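Given next are the chains, with one letter for each unit.
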There are 4 protein chains.
Amino acid sequence: MGIKFGFASDNTAGVHPVILEEIRSANTGHTIGYGYDRYTEEALGLFKSHLGPETETFFVFTGTAANVLSLSGVTRSWNSVITASTAHLEQDECGAAEKFTGCKVLTVDTADGKISAKSVEKHMHGFDFEHHSQPLVISITQSTEMGTVYSVDEIRELAEFTHDHGMLLHMDGARIANAAVSLDLPFRSFTTDAGVDILSFGGTKNGMMYGEAVCFLKSGLSGGFKYIRKQSMQLASKMRFISAQYTAYFRDDLWKKCATHSNRMALILAGKISRLNGIIITQPVQSNGVFVIMPQRVAESVCKKYFFYPWDEKTSEYRLMAGWDTTEEDIEGLVRVFREELDRLK
Amino acid sequence: MGIKFGFASDNTAGVHPVILEEIRSANTGHTIGYGYDRYTEEALGLFKSHLGPETETFFVFTGTAANVLSLSGVTRSWNSVITASTAHLEQDECGAAEKFTGCKVLTVDTADGKISAKSVEKHMHGFDFEHHSQPLVISITQSTEMGTVYSVDEIRELAEFTHDHGMLLHMDGARIANAAVSLDLPFRSFTTDAGVDILSFGGTKNGMMYGEAVCFLKSGLSGGFKYIRKQSMQLASKMRFISAQYTAYFRDDLWKKCATHSNRMALILAGKISRLNGIIITQPVQSNGVFVIMPQRVAESVCKKYFFYPWDEKTSEYRLMAGWDTTEEDIEGLVRVFREELDRLK
Amino acid sequence: MGIKFGFASDNTAGVHPVILEEIRSANTGHTIGYGYDRYTEEALGLFKSHLGPETETFFVFTGTAANVLSLSGVTRSWNSVITASTAHLEQDECGAAEKFTGCKVLTVDTADGKISAKSVEKHMHGFDFEHHSQPLVISITQSTEMGTVYSVDEIRELAEFTHDHGMLLHMDGARIANAAVSLDLPFRSFTTDAGVDILSFGGTKNGMMYGEAVCFLKSGLSGGFKYIRKQSMQLASKMRFISAQYTAYFRDDLWKKCATHSNRMALILAGKISRLNGIIITQPVQSNGVFVIMPQRVAESVCKKYFFYPWDEKTSEYRLMAGWDTTEEDIEGLVRVFREELDRLK
Amino acid sequence: MGIKFGFASDNTAGVHPVILEEIRSANTGHTIGYGYDRYTEEALGLFKSHLGPETETFFVFTGTAANVLSLSGVTRSWNSVITASTAHLEQDECGAAEKFTGCKVLTVDTADGKISAKSVEKHMHGFDFEHHSQPLVISITQSTEMGTVYSVDEIRELAEFTHDHGMLLHMDGARIANAAVSLDLPFRSFTTDAGVDILSFGGTKNGMMYGEAVCFLKSGLSGGFKYIRKQSMQLASKMRFISAQYTAYFRDDLWKKCATHSNRMALILAGKISRLNGIIITQPVQSNGVFVIMPQRVAESVCKKYFFYPWDEKTSEYRLMAGWDTTEEDIEGLVRVFREELDRLK
């Protein structure tokens, strides 16, 4: 039996069979390329129904692309973007935002991946001063990279602060379905209705094969974006196969079933871990991630059977993710190995 | 009955069922993301076997990305890249090469999409002169955007010229399978063995769903490329689904079957068109495209039933593409409509 | 006696003493930096008086910067810029425009460095098509890199064509003073009044030390430009020393005296050369450059005494420039050496 | 009597008369442009004598350019650069580094503008991980933006740490002369000999008109840099006028006289301020800047007579700079106004 990857990330899972079936059913006959087809028309309509009638959606390939192009659409190179120091945008995109937009990315340290108006305040200076990058976008992640979830009020407060400064609020929604389930709210209520201006809407981490979405939630923001997408090498020729995935994803609330499952699995995992001596859960488990501190030796040994990533090597903190197909048997298997390795320490 | 798109482009076709089946069969269990999986290992090995043991291959999402990243991998921003004025790189990538690499793209006018050492000569100056972009790459397309195919000798001659100037030869192989079939040669003999240094290897236009490849054919060219791919937003998280497609594509020479078919369909189409009064074929039909001049009025009328793209509106030249799934009935249908519209002119 | 550089370029000359004296007189006491000083206010006002009241001027350091920033001010990365293949922008800026703006630079071959609406027509396609860079700027050089000068009518016709396509006309005026003298017209009549939208206004080649100007000739074009200038590393801290130069340059028409002189010297040089057997003048001498074809051996020998640059090594064409301080003795000296070397050939 | 700008910045001063005289004396006859002249040869030699024989120096126009091009010379876009959050590079260059290099700029908070190996440690992760920008340069400022000065040992320790990680140490020496005077050491001992790899060497803030230098202190770092300088619009055509300034700057230790004076003036100013009730000096005065906290009302009133910049509006901290031409009368005048305004508060 080889090493297991189910807890390493929510993208180690495959594709939900319903989504794959929809791809197959879209694989018939000829359609015009690049998104001018009926599959895409249908999918874009579904985004409007979920996020509001002003929503303009553009599919791209990856979550990194969704974030960077969201920013490209509204910034000029002399702007700055403010985000949490733990944000994917800051840590895990190899500088794509800087390279592609030319903007400066400013960070805010947080305890739980969530930024507040107060924490951002330190970057609110130098407006109209040509020596200083002009702050234009605040970017939050929902659910965050640390598994926490912003409340509607928190988002609304940030949006007000952002707009009071003439700025825009971006949400990285690579795991937005997990947040919606966690909040038990429709997407719209904590995005468009809470004041978010631009949204990276992800599906790959929740059962899709590929294809994320840049959603401009208010009119007037997407000028020129079709050129940005093409120039940034993110325009799919056989677009229908992204679109079909989203159609399946929204139909019968498949997204909700998947995210409900992975959130529940994370809670079960956290419950079992909380009963282990020697592993400490460091963040509230509000979506599908469980963050833990454990002895490095334990982590290294367990990783040989169930691989997972370090979150902060200096504090020996690790991340365990649940996905749409995580099983209780997986969890039991992982916890058993944890217990064995912890026992060995004694 | 709606408008038909089969001749608009070879990307209006869907996915070959064998490829879709391979995707399905790869959709089992967990694998680590981002290409560190066994499906990708297998696919990368197939590229070595087809292109030579030094080949280092990186999957990206689109043909534009394959071209731009091929160049990014070897250039610095002060270099220039020389290509045909009809090249996809020049005409159809919305300036992605300039934006992402910072390089200057220099062009050569051609009659048939094929450039020669002689035609490139005019850009061979200013070496070592800091005011002038330093020529570093010559980029050819095989088969070309005009449906023509370079012979091995033509490529070899260009490669020698290129290397004599301390430069590199890039091939845009978005339709490389059609060229291989046309030449009746294995890939390697007109790429690696003919002196090509970097290859954009495409599959989407020949039956795949998505996923093109950047192939460095000689060692020492791919330093830092993993960062380039990530920073350029082209690193797929669920990479196995690109890799599986290539595995199916190479197995049992599926690529050859598809390209043989589309090339043959183009020849049949050209044969029928050549018998029509009022339509002139402008290029030798060496792969899967047929270029024709016809009265604009005819084109517009036919396009309402069978959509296709103008190639040069000023000369009333149009492009008709055949794909892996074009049928003789399609062709007969198209030719019938041509005949009707030409008759109407009389 | 060393090698002489007076004909190599109009920037091998020093600084006109009146300009140096103005620098000295501005060197008193403290002024606020970065252009918020009274010297700059005065100089900017002079630009308005010469180019029209809507003119907004920003000083930068070099002619390359003036060109690139002119384009940066009005383009987005998915635009293209059309220019002559001989343009400084294309040949002599090491790809700065591509690197900094991300735009594609498209070229037009010309006989004399001057482009026409007709010649540009071939690039006028693909509007609104996301695969294609969107043409936005036509850039002409006045006087051209080949020493020729556009008439007011030629500029006006190009401006109309440009505006009819919703595009903007940029003029590279690195040698605009020579053009004004040649046309015997004020600057405004062949720039703002002829329909030019953005102007790179140069002085360094006509007696200044450093400091070129980006002039937006119509309102509404310079939004955000102060950030562009700073971010592009072109904002001078001790701006007063650029401004003072322009004040001296415009006062008592110093610019005109200098350019009248260099144009006249070029004519004298051309007159003498035209009487030499074995050297052919290839362009009308309309400003301060003389283009000649001569045997390569002659050029190489002469260059050891009077250095000048090859223009096109393939045709053995060379460029001889006159400057604000060229003397008739210089010319006689140069012509004498030409004669000697030509005699040696016999 | 108008508002006085002498304490706003060390660039509100004019040009030292000796430097201006050297410019005048270089203004004779023709020289080849772009730095291939004897003035530049002499100046570059002086840099070697001050910084070591491996030093390769390139003149650019501004301090921002010197910093950004220093980084461009050694980084690729997927690298990151680590600096103090107060660094000019981070705060005052409008994102030029990000725009031009594509790199991510990471920051470290400091009390006094000086970073330590320990403080940088938090960014030392993700090496070889393609999702993460690869740390390559640590950039320090000497003297710092807060008027403090690194000791040789501090620099040496940072250099060792940097090199141990396979990284490079850059020094922003916009005020390097003030640091040299403060340390009473030759330039070389706290740059090249202490392990610094790349240096932005400034003169404009210490009596020059314009023209800063990028110095590669070790061989093997400057490959391709001549193209970077040209493409970044920083290649001066009449280079001799930058070079002459540096020749005068180094001759008879003019740099030292100027910096000794401005450092001394800062100390005198600090001494007088320290005797004022209501103004607190916040940083050790080690070079030519004095940082103070005072009531905002006082600052605003004083600024109407002696303009200076806020450093941190939130804490009511201000910066007072002394220059090469600051007089004791200036200082007395300023202190008198401070006293008046403080008295008014009572």
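Worth saying up front: this structure is predicted, and the values here are computed from it rather than measured. (Residues numbered from 1 in each chain as written. Chains lettered and ligands numbered in written order. Predicted model: local features only at pLDDT ≥ 70, side-chain atom pairs only at ≥ 80, totals over all residues. Heavy atoms only, no water.)

Turning to the overall build of chain A, a few remarks are in order. From N to C terminus, chain A includes 13 helices and 11 strands. In terms of principal-axis extent, the alpha carbons of chain A reach across some 60 × 55 × 35 Å. Here chain A holds 346 residues, and 66% of them are scored as buried. Residue pairs at least 24 apart in sequence account for 75% of intrachain contacts in chain A once pairs closer than 6 positions are excluded. Surface summary for chain A: the accessible area is close to 11500 Å², and the carbon and sulfur share equals 51%. (Helix = DSSP H or I, 4+ residues; strand = E, 2+ residues; numbered from the N terminus. Buried < 20%, exposed > 50% of the residue type's maximum accessible area, 1.4 Å probe, protein only. Contact = heavy atoms within 4.5 Å. Areas by Shrake-Rupley, 256 points an atom, 1.4 Å probe, with all protein chains shown as cover.)

Phe201(A), Tyr246(A), Phe201(B) and Tyr246(B) are the most contacted members of the largest nonpolar core, which totals 130 residues. Sequence-distant contacts of Tyr246(A), defined by excluding residues within four places in its chain, comprise Ala43(A), Leu46(A), Phe47(A), Phe59(A), Phe201(A), Gly202(A), Gly203(A), Met208(A), Gly211(A), Glu212(A) and Ala213(A). If you look at the next biggest cluster of nonpolar residues, it comprises 128 residues, including Phe250(C), Ala159(D), Met167(D) and Leu235(D). (Core = buried A, V, L, I, M, F, W, Y, C linked by side-chain atoms within 4.5 Å.)

Before going further, it helps to spend a moment on the interface of chain A and chain D. With 27 residues of chain A at the contact, the number on the chain D side is 27 residues. Carbon and sulfur atoms supply 44% of the area that chain A and chain D bury against each other, a total of about 2100 Å² over both sides. By the criterion of area lost to chain D, the three top residues of chain A are Cys94(A), Lys104(A) and Lys314(A), representing 27% of everything that side buries. Put simply, chain A and chain D have 4 salt bridges between them. Of the charged contacts, one joins Glu90(D) and Lys104(A) as a salt bridge, the two residues approaching to 2.8 Å between their closest N and O atoms. At the level of elements, helix H4 (88-91), helix H5 (96-101) and strand S3 (104-108) of chain A are the ones that each hand at least two residues to the side of chain A that touches chain D. Split into classes, the residues belonging to the side of chain A that touches chain D amount to 8 nonpolar, 8 polar and 11 charged. (Buried area = accessible area lost by both parts, 1.4 Å probe. Salt bridge = Lys/Arg side-chain N within 4 Å of Asp/Glu carboxyl O. Nonpolar A, V, L, I, M, F, W, Y, C, P; charged D, E, K, R; others polar.)

All names here are of chain D. Between helix H8 (residues 176-183) and helix H11 (residues 254-274), the shortest axis-to-axis distance is 8 Å and the interhelical angle comes to 75°. By the angle between their axes, H8 is roughly perpendicular relative to H11. Counted together, Ala-177, Asn-178, Ala-180, Val-181 and Ser-182 of H8 and Trp-255, Lys-256, Ala-259, Thr-260, Ser-262 and Asn-263 of H11 form the full contact between these two elements. In terms of residue class, the contact of H8 with H11 is built from 5 nonpolar, 5 polar and 1 charged. (Axes fitted to C-alpha atoms, helices over the stretch in contact; angles between N-to-C directions. Parallel < 35°, antiparallel > 145°, perpendicular 65-115°, else oblique.)

Moving on: the confidence of the model for chain A. A residue-level look at chain A finds 100% of positions with pLDDT of 70 or above and a mean pLDDT of 97. Across the whole predicted complex the pTM is 0.97, and at the interface the ipTM reaches 0.97. (pLDDT = per-residue confidence, 0-100.)

With that settled, the discussion passes to the side chain of Asn206(C). All names here are of chain C. With respect to the secondary-structure elements, Asn-206 resides in the loop between strand S6 (198-201) and strand S7 (212-216). Of note is the side chain of Asn-206, whose polar atom sits 3.1 Å from the backbone oxygen of Trp-255. Looking at Asn-206, its side chain comes within polar contact range of the main-chain nitrogen of Ala-259, at 3.4 Å. For Asn-206, the contacting residues outside a window of four places in its chain are Ala-177, Tyr-249, Trp-255, Cys-258, Ala-259, Ser-262 and Trp-324. (Polar contact = N/O pair within 3.5 Å; in protein donor to acceptor, adjacent residues only side chain to side chain.)

Chain A puts 54 residues into the contact, and the matching count from chain B is 54 residues. Interface area for chain A against chain B, summed over the two sides, is near 4500 Å², with a carbon-plus-sulfur share of 60%. When residues of chain A are sorted by the area they lose upon contact with chain B, His30(A), Met233(A) and Lys238(A) head the list and together hold 18% of the total. Among the salt bridges present, the one from Glu21(B) reaches Arg24(A), with a minimum N-O distance of 3.7 Å. Elements supplying a minimum of two residues to the side of chain A that touches chain B: helix H1 (17-26), helix H3 (63-74), H5, helix H9 (225-231) and helix H10 (240-250) of chain A. Considering only residue class, the side of chain A that touches chain B consists of 24 nonpolar, 19 polar and 11 charged.

The subject of this paragraph is the relation of the copies chain A and chain D. For the pair chain A and chain D, the superposition axis carries a translation of 0.0 Å, the fit reaches an RMSD of 0.0 Å, and the rotation angle comes to 180°. Look at the turn and shift together and you get a two-fold axis relating the two. Considering only C-alpha atoms, the part of chain A nearest the rotation axis is Glu98(A), at 2.8 Å. Mapped onto chain D, 100% of the interface residues of chain A again fall at the interface, so both copies present the same surface. (Least-squares fit on C-alpha atoms with pLDDT ≥ 70 in both.)

So, about the relation of the copies chain A and chain B. Note on the identical chains: chain A maps onto chain B by a rotation of 180° and an axial translation of 0.0 Å, with an RMSD of 0.0 Å. By residue overlap, the copies meet face to face through one surface: 100% of the interface positions of chain A are interface positions in chain B.

Turning our eyes to something else, we now look at the domain arrangement of chain A. All names here are of chain A. Assigned domains of chain A: these are domain 1 (17-252) and domain 2 (254-345). One C-alpha centre belongs to domain 1, the other to domain 2, and the line joining them spans 28 Å. If you look at the interface, domain 1 gives 27 residues, while domain 2 gives 21 residues. Both faces combined, the contact of domain 1 with domain 2 buries some 1900 Å², and carbon together with sulfur accounts for 56% of it. (Domains from an automatic or database assignment.)

The next subject is the pattern of salt bridges. Considering all chains together, one arrives at 51 salt bridges over all chains under this definition. Where Glu98(D) meets Lys104(A), a salt bridge forms, and the shortest distance between an N and an O atom there is 2.7 Å. You can see Glu98(D) sitting in helix H5 (residues 96-101) and its partner Lys104(A) sitting in strand S3, one on each of two chains. Taking the relative accessible area as the measure of exposure, Glu98(D) reaches 1% and is therefore buried. Classification of Lys104(A) as buried rests on a relative accessible area of 2%. Arg175(D) serves as the salt-bridge partner of Asp10(D), at 2.6 Å between the closest nitrogen and oxygen. With a gap of 165 residues between them, Asp10(D) in the segment before helix H1 (17-26) and Arg175(D) in the loop between strand S5 (168-173) and H8 connect regions that are remote in the sequence. For Arg175(D), a relative accessible area of 9% corresponds to the buried category.

Residues and elements named next belong to chain A. Among the 5 residues in strand S11 (residues 317-321), 5 count as buried, and that is most of the element. The alternating pattern of S11 places Glu-317, Arg-319 and Met-321 on one face and Tyr-318 and Leu-320 on the opposite face, and all of these are buried. As judged from the 5 bridges shared by strand S9 (residues 289-293) and S11, these two strands associate in the antiparallel manner. The partner of Ile-293 across the bridge, within S11, is Glu-317. With 3 bridges joining them, strand S10 (residues 309-312) and S11 adopt antiparallel strand pairing. In the sheet register, Pro-310 faces S11, and the bridge partner there is Tyr-318. The turn linking S10 back onto S11 is made up of 4 residues, and Ser-316 within it adopts a positive phi angle of 60°. (Pairing = 2+ DSSP bridges.)

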